[in-house]
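Single-letter residue listing:
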Amino acid sequence: MIALKLAFRNLLGAGLRTWLNVTVLSFAFVVIIFYNGMLNGWDRQGKRDTQAWEVGQGQLWHPTYDKYDVFSIQDAHGLMETREKQLAVEGKLTPILIAQGTAYPEGRMQGVLLKGIDPEQKILKIPSHLLKQTATAADDATATDGATEVDVHYAIDVHHAIIGKRMAKSLKVGEGDQMLIRWRDKNGTFDALEVKIVAVFKSDVPSIDNGQMYLSLQTLQQMMDMPGEATILVSGTEEINGNLGNWVFKDLDFLFTELDEIILSKRAGSMIMQSTLLLIALLAIFDTQILSIFRRQKEIGTYIALGMTRAQVVGIFTVEGGAHSILAALVGAVYGIPLFMWLAAKGITFGVDDMGITMAETIFPYYSLGLIAFTTLFVIAAATIVSYIPARRISKMNPTDALRGKVN
Amino acid sequence: MEQKSIISITNLTKEFPVGKGHFTALDKVNIEFGVGEFAGLVGPSGSGKTTLLNIIGSLDTPTTGDAIVMGQSISKLSHKQSALLRNHHIGFIFQTFNLLPVYTVYENVEFALLLQNMSSGERHKAVMEALEWVGLTDKEKSKPSMLSGGESQRVAIARAMVKKPQIVLADEPTANLDSKNSHHILQTMKKLNEELKVTFIFATHDEKVMMYLNRVVNLADGRIVSDERVMNHVKAQ
Ligand SMILES: Nc1ncnc2c1ncn2[C@@H]1O[C@H](COP(=O)(O)OP(=O)(O)O)[C@@H](O)[C@H]1O
Ligand SMILES: [Mg+2]
């Protein structure tokens, strides 16, 4: 208690030097909280977007499917059993069929990942409803011959497709453009078809956009000669939390791995800047401590003469150095809180286009109580430690030398 | 006049390392002080006065020999024990006052009591009483920087006296004061010595101090060269 009171008196008494240290430390404080708040905001928004656009409440993968191996796609498809079909009807999951193909926009050639998605699905934000097509050639004999399954492939001459803005850029096409696509069906036979881009959607999740083209599920199934089959099933409910028959359940933790890794690496990268700033501030405190212990020998001697043990005097100087961090927290709060509140409300918009990573255009920093509490405790602890290290010298001081101001 | 011994020093030698060898600051000193003495260690600069005072105050330890202060052997005390001895029983007064600049007069005086288990009510009473002894009750809220030298030393006396110690060690207390202030604080100390039976030991070469002493111990080169009891005509007023 005496130590704390004395600490603040001494710090405030030291004037400019204290405020210099406090300002630098408060800056470190604010930057650390700001940066981590940004990463937290990114993380939250990224996960929310990834869920909304790609992973739902988890995915069920065909056992041979491997997201990172394009060659696995050829064999990664299977029939949906009754149970899966029922869940799809209930809107609790939606199947996606994935196949490889080639697009020929204006005669150029480019590989694409074809994805068949149910136009009725509501689980993902992908605007699949735009893929709904009624057979314009409905009176065509082949389409109305009473067959149980309408052969859309031949009933419709131009098929609707949607792509993301990144894909549109890479194909150099826009809404309304048409192009030929070619693929090999299940049996290895090449086939071709004309598609029309009916929409270019905008998503912050590049992994559902880059190199991909969405067709209606039924169309792709017919193209591939894989009726009723899918590659993955996207779950829209927390009820599904394990494998369904052959379908292997992938939970959110697994599906977020990539995003987690990106953010972790950003966090690690920013650590260098954060620790450098903190280090500068701590160095200033360390320096102040050394100087003040050297300058205030007589005071140290007086404390001991008044009946303090050397350990208590070490305590006084440690608390005094550490108290810089408390002042820094207060000063940081004065300009940091309004700044953080403003940023959290307005968000931070990055002008640059994404670099293939899931990141919202405008990030709203998220400052959790945990982040603020942890940062504060960490900075207080760090400041106290760097204050303690020079203060330890006091315990080796001879009080008579200290009183004479002769310690060097 | 026979008094109960409160400080007993036997064969005390203090050496300081200097270069490869050492310097003998006190050389086989033998001396006793009784309760209620108003004694002075007198001698030229470098004769060992401060060194002896520091050892009595348990701020330093003898190289050989021993100092028994209030029944405790200074050479055998732990840091904690010597801190406790100083905190409760020994008051220090320095040539340069050594007040804590960030504290008010009141807080400077209160400081030593904060280390003891004392209620704030008791502390307040003791601090006000000590300020009354030195005549500074009206300056309790002042900071040391606003005080004159004489006032500062009176605060230091109050700080040394507030815990009602048995021994007060005053190292050249008048060296930074003018004649008028010197007499003022000496009279204050003499009065406290007579009223509270506190033992005062001075280190000084100031003639004014000597006028008040009832014992003069002359030191030269770390040895006691004379030890005389004197009857001084200067009385506390
Ligand atoms: N820590 C020390 N190291 C070396 N020499 C010292 C130390 N303290 C005191 N001395 C020497 O011991 C002698 C006595 O010092 P001191 O007791 O301060 O004398 P006085 O108070 O009578 O002027 C002086 O010569 C001084 O230089
Ligand atoms: Mg001296």
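Preceding block: the structure.
Turning next to the overall build of chain B. In terms of helices and strands, chain B carries seven helices and ten strands. Dimensions of chain B, computed from C-alpha atoms along their principal axes, come out at roughly 50 × 40 × 40 Å. A buried classification covers 57% of the 237 residues belonging to chain B. Within chain B, contacts between residues separated by at least 24 positions form 69% of all contacts whose residues are at least 6 apart in sequence. When the accessible surface of chain B is summed, it comes to about 10,400 Å², and 51% of that surface belongs to carbon and sulfur atoms. Here chain B holds 26 positive side-chain charges and 25 negative ones, and the gap between their average locations is 3 Å.

Helices and strands together make up the secondary structure of chain A, namely twelve helices and 13 strands. Over its C-alpha atoms chain A spans a radius of gyration of 32 Å, topping by over 25% the 22 Å that the globule rule assigns to 408 residues. Residue burial in chain A is summarised as follows: out of 408 residues, 49% are buried. Pairs at least 24 apart in sequence give 76% of the contacts found in chain A among residues at least 6 apart. Roughly 19,700 Å² of accessible area belongs to chain A as shown, and the carbon and sulfur atoms make up 60% of that amount.

We now examine the interface of chain A and chain B. Contact residues are listed per partner, giving 21 residues for chain A and 23 residues for chain B. Of the roughly 2,100 Å² buried between chain A and chain B on both sides combined, carbon and sulfur atoms contribute 66%. Together, I2, R9 and L306 of chain A form the three largest contributors to the area buried by chain A at its contact with chain B, with a combined 28%. Joining chain A to chain B, the criterion identifies one salt bridge. Of the charged contacts in the structure, one is a salt bridge between E107 of chain B and R9 of chain A, with a shortest N-O distance of 2.6 Å. At the boundary of chain A with chain B, the tally comes to seven residue pairs in polar contact (both at pLDDT 80 or more). Of all the secondary structure elements, the ones that give two or more residues to the side of chain A that touches chain B are α1 (2-13), α9 (297-305), α10 (310-346) and α12 (399-404) of chain A. Broken down by element, the side of chain A that touches chain B gets its largest block of residues, six residues, from α9 of chain A. Class assignment of the residues belonging to the side of chain A that touches chain B gives a composition of nine nonpolar, seven polar and five charged.

To continue, consider the nonpolar core. Ranked by internal contacts, the top residues of the largest apolar core, which has 53 residues, are Y303 and F317 of chain A together with I7, I9, F33, I56 and F111 of chain B. Setting aside residues up to four positions removed in sequence, F33 of chain B forms contacts with K4, S5, I6, I7, A39, L41, I56, I201, R215 and V217 of chain B. F38, V105, A160 and M210 of chain B belong to the second-largest nonpolar core, a separate cluster that totals 40 residues.

In this section: the packing of helix α8 (residues 257-295) of chain A against helix α11 (residues 369-391) of chain A. Residue and element names in this part refer to chain A. Two numbers describe how α8 lies on α11: the axes approach to 9 Å, and their chain directions differ by 35°. Seen along the crossing, α8 lies across α11 with a hand that is right-handed. Contacts between α8 and α11 involve L278, L282, I285, F286, Q289, I290 and I293 from the first element and F378, V379, A382, A383, V386, S387, I389, P390 and A391 from the second. Along the lines of polarity and charge, the residues of the contact of α8 with α11 split into 14 nonpolar, two polar and no charged.

A few words on the sheet that holds strand β5 (residues 72-73) of chain B. All names here are of chain B. If you trace the four strands from one edge of the open sheet to the other, you get β2-β1-β4-β5, paired in antiparallel fashion. Every interior strand has two partners, whereas the edge strands, β2 (21-34) and β5, have only one. In the sheet, strand β4 (residues 64-69) pairs with β5 via two bridges, with the strands oriented antiparallel. Paired with I68 across the two strands is S73, which belongs to β5. Against the sheet, helix α1 (residues 49-56) touches β1 (5-18), β2 and β4, its axis set at about 120° to β1.

Mapped onto the secondary structure, D43 of chain A falls in helix α2 (residues 16-55). When residues no more than four places from it in sequence are discounted, the contact partners of D43 of chain A are L259, D260 and I263 of chain A.

A word on the pattern of salt bridges. All names here are of chain A. What the rule picks out here adds up to 25 salt bridges over all chains. Here K47 and D43 are joined by a salt bridge, their closest N and O atoms 3.3 Å apart. Separated by four residues within a single helix, K47 and D43 lie in helix α2, roughly one turn from each other. Between E106 and R108 there is a salt bridge, with the nearest N and O atoms lying 3.7 Å from each other. On the basis of relative accessible area, R108 is assigned to the partly exposed category, the value being 28%.

So, on to the site of ligand 1. Around ligand 1 sit 13 residues in total, of which G46, G48, K49, T50 and T51 of chain B are the nearest. Ligand 1 sits at a junction of chains, with neighbouring residues supplied by chains A and B. The side chain of R404 of chain A places a nitrogen or oxygen atom 3.3 Å from a nitrogen atom of ligand 1. At 2.5 Å from an oxygen atom of ligand 1 is found a side-chain nitrogen or oxygen belonging to T51 of chain B. Protein contact buries 74% of the 560 Å² of open area that ligand 1 shows by itself. Among the cavities detected, the one that contains ligand 1 is the largest pocket. Listed by contribution, the elements that provide at least two residues to the shell around ligand 1 are α12 of chain A together with β2 and α1 of chain B. Tallying contributions element by element places α1 of chain B first for the shell around ligand 1, with three residues. Across the shell around ligand 1, the residue classes tally to four nonpolar, six polar and three charged.

What follows covers the layout of surface pockets. Of the voids in this model, the largest pocket is the one considered here, and its volume is about 820 Å³. Considering the residues around the largest pocket, the lining is formed by 31 residues, among which R404 of chain A together with T50, T51, N54 and D171 of chain B are closest to the centre. A per-element tally of the lining of the largest pocket places α1 of chain B first, with five residues. In the lining of the largest pocket, the residues fall into ten nonpolar, 13 polar and eight charged.

Rules of the game
- Per chain, residues are indexed from 1 in the order of the written sequence.
- By the order in which they are written, chains take letters starting at A while ligands take numbers starting at 1.
- Confidence filtering applies because this is a predicted model: local features only for residues at pLDDT of at least 70, side-chain atom pairs given and counted only at 80 or more, and all residues used for totals across whole chains, interfaces and linings.
- Note: side-chain values were computed over all heavy atoms of the structure, leaving out hydrogens and water.
- Elements are defined by DSSP. Helices are runs of H or I of four residues or more, strands are runs of E of two residues or more, and each kind is numbered from the N terminus.
- The buried label applies to any residue whose accessible area, calculated with a 1.4 Å probe on protein chains only, is under 20% of its type's maximum; exposed applies above 50%, and partly exposed to all values in between.
- Contacts were defined at the residue level, with two residues in contact if any of their heavy atoms lie within 4.5 Å.
- The protein chains shown are the only cover counted for residues, whose accessible areas, like all others here, come from Shrake-Rupley with a 1.4 Å probe.
- Neither His nor the chain termini are counted; the positive set is Lys and Arg, and the negative set is Asp and Glu.
- Every charge is mapped to an atom, namely NZ of Lys, CZ of Arg, CG of Asp or CD of Glu.
- Based on C-alpha atoms, the radius of gyration is set beside the globule rule, defined as 2.2 Å times the residue count to the power 0.38.
- As a working definition, buried area equals the accessible area (1.4 Å probe) given up by two parts on being put together, with both sides summed.
- Definition used for salt bridges: Asp or Glu carboxyl oxygen within 4 Å of a side-chain nitrogen of Lys or Arg.
- Counting of polar contacts relies on pairs of N or O atoms within 3.5 Å, with two restrictions inside protein: one atom must be capable of donating a hydrogen and the other of accepting it, and residues adjacent in sequence are counted only when both atoms are side-chain atoms.
- Three classes are used, and their members are as follows: Ala, Val, Leu, Ile, Met, Phe, Trp, Tyr, Cys and Pro are nonpolar, Asp, Glu, Lys and Arg are charged, and the others, Gly among them, are polar.
- Side-chain atoms within 4.5 Å are what join buried Ala, Val, Leu, Ile, Met, Phe, Trp, Tyr and Cys residues into a set we call a nonpolar core.
- Axes here mean lines fitted to C-alpha atoms, for a helix over just the part in contact, with angles spanning 0 to 180 degrees between N-to-C directions.
- Should the near helix be turned anticlockwise from the far one by less than a right angle, the crossing is termed left-handed; should it be turned clockwise, right-handed.
- Pairing between strands requires that DSSP locate at least two bridges from one strand to the other.
- If even one non-hydrogen atom of a residue comes within 4 Å of a molecule or strand, that residue is called near it.
- A cavity here means a set of 1 Å grid points, computed over protein atoms only, where a 1.4 Å probe fits but cannot escape. A pocket is an open set with protein on both sides within 12 Å along at least 5 of 7 lines, and lining residues have an atom within 4 Å of a point.
- For a molecule to be placed in a cavity or pocket, more than half of its atoms must lie within 2 Å of the grid points of that cavity or pocket.
- Grid points are joined across faces, edges and corners, and a volume is the space filled by probe spheres set on the points.

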